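Residue-level structure breakdown
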Amino acid sequence: MRNHKYCLIGIILITGLKLANAQENLSFGLSTQMQNTRLMVNASSMNVKGAFRPTSILFAEYNFWRKMSVHTGFGYTMMTQNSDAFQNDFHYLAMPLYFKHGKLKDDKKIAFKSFCGANLHYLLDAKHTYLSGEETDIMKHSRKFHWELVIGGGLEFKLTEKLSLEALTSLSLGYMLTKYNHAYMDVHNYNSGYMLNLSYKF
């Protein structure tokens with residue numbers, strides 16, 4: 001019985017140490033982004049313009065191996081199809097899933113970071129606006145789920161022992177936003193922009 005008791009105590013201690021180490025590699029934060037969204041229509045001569053739109057994400061990041069970490073969260077993002085004739089606005093619940101490379105060393109205050117992954121989107125609202133200002137709901141013509149591939153990089157700055165700030169640029173290319181099958185109505189996006197990620201390490 002005494003041996004079993006010692007084994008149980010050992011297991012509890014090892015589990016506690018593992019959880020403590022995991023917590024040290026975990027951080028939470030807020031990401032604020034401005035993305036220049038360009039919603040393109042295939043096989044069309046329509047003059048499509050870029051439009052800077054906001055994204056806000058609450059995220060968690062776990063450093064699982066050396067300089068590698070996984071980053072995910074949820075928040076809000078908006079995309080706009082801007083043309084001479086009309087404007088389409090799409091509002092999404094957003095969930096990023098990134099693999100990131102780079103880590104601040106204890107004796108350094110700046111580190112290079114790069115990342116790749118995907119943004120997953122769930123449609124909340126979609127509106128078509130005419131030049132006259134009249135709005136039409138286009139939810140039934142839009143896909144509920146949307147995804148895009150993302151790459152990016154930038155710098156991480158150590159503010160305090162627990163607090164850091166990332167300044168990153170990103171490029172993304174997404175799947176179709178609409179349900180139309182005709183080539184001239186197949187709307188997809190490519191975005192470019194920047195993000196500021198403020199994170200707190202536990």
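The structure under discussion appears in the preceding block.
Residues numbered from 1 in each chain as written. Predicted model: local features only at pLDDT ≥ 70, side-chain atom pairs only at ≥ 80, totals over all residues. Heavy atoms only, no water.

1. Re the side chain of Thr-37
One can find Thr-37 in strand 1 (residues 26–41). Setting aside residues no more than four positions away along its own chain, Thr-37 makes contact with Lys-49, Gly-50, Ala-51, Arg-53, Met-78, Met-79, Thr-80, Tyr-190 and Asn-191. (Helix = DSSP H or I, 4+ residues; strand = E, 2+ residues; numbered from the N terminus. Contact = heavy atoms within 4.5 Å.)

2. Some points on the pattern of salt bridges
Within this structure, the stated rule accounts for 6 salt bridges. Notably, a salt bridge pairs Lys-100 with Glu-166, separated by 2.7 Å at the nearest N-O pair. With Lys-100 in strand 5 (residues 86–101) and Glu-166 in strand 9 (residues 163–174), this pair connects stretches of sequence that are 66 residues apart. Of the charged contacts in the structure, one is a salt bridge between Lys-127 and Asp-125, with a shortest N-O distance of 3.1 Å. On the basis of relative accessible area, Lys-127 is assigned to the partly exposed category, the value being 22%. Here Asp-125 falls in the partly exposed class, since its relative accessible area comes to 23%. (Salt bridge = Lys/Arg side-chain N within 4 Å of Asp/Glu carboxyl O. Buried < 20%, exposed > 50% of the residue type's maximum accessible area, 1.4 Å probe, protein only.)

3. Notes on a nonpolar patch on the surface
Judged by side-chain polarity, Leu-30, Leu-58, Phe-74, Tyr-76, Leu-93, Tyr-122, Leu-124 and Phe-145 come together as a nonpolar surface patch covering roughly 790 Å² of accessible area. Sorting the residues of the nonpolar patch by element identifies strand 4 (68–83) and strand 6 (110–130) as the ones contributing at least two each. Its place among the elements puts Phe-74 in strand 4. You can call Phe-74 exposed: its relative accessible area is 52%. (Patch = residues over 30% accessible without salt bridge, like charges linked within 9 Å, V, L, I, M, F, W, Y side chains within 5 Å. Areas by Shrake-Rupley, 256 points an atom, 1.4 Å probe, with all protein chains shown as cover.)

4. Notes on the side chain of His-128
Mapped onto the fold, His-128 is located in strand 6. The buried category is assigned to His-128, whose relative accessible area is 13%. Within the local environment of His-128, its side chain forms a polar contact with the side chain of Asn-88, the two groups lying 2.7 Å apart. Look past the residues within four positions of His-128 in its chain and what remains in contact with it is Phe-86, Gln-87, Asn-88, Glu-134, Glu-135, Thr-136 and Ile-138. (Polar contact = N/O pair within 3.5 Å; in protein donor to acceptor, adjacent residues only side chain to side chain.)

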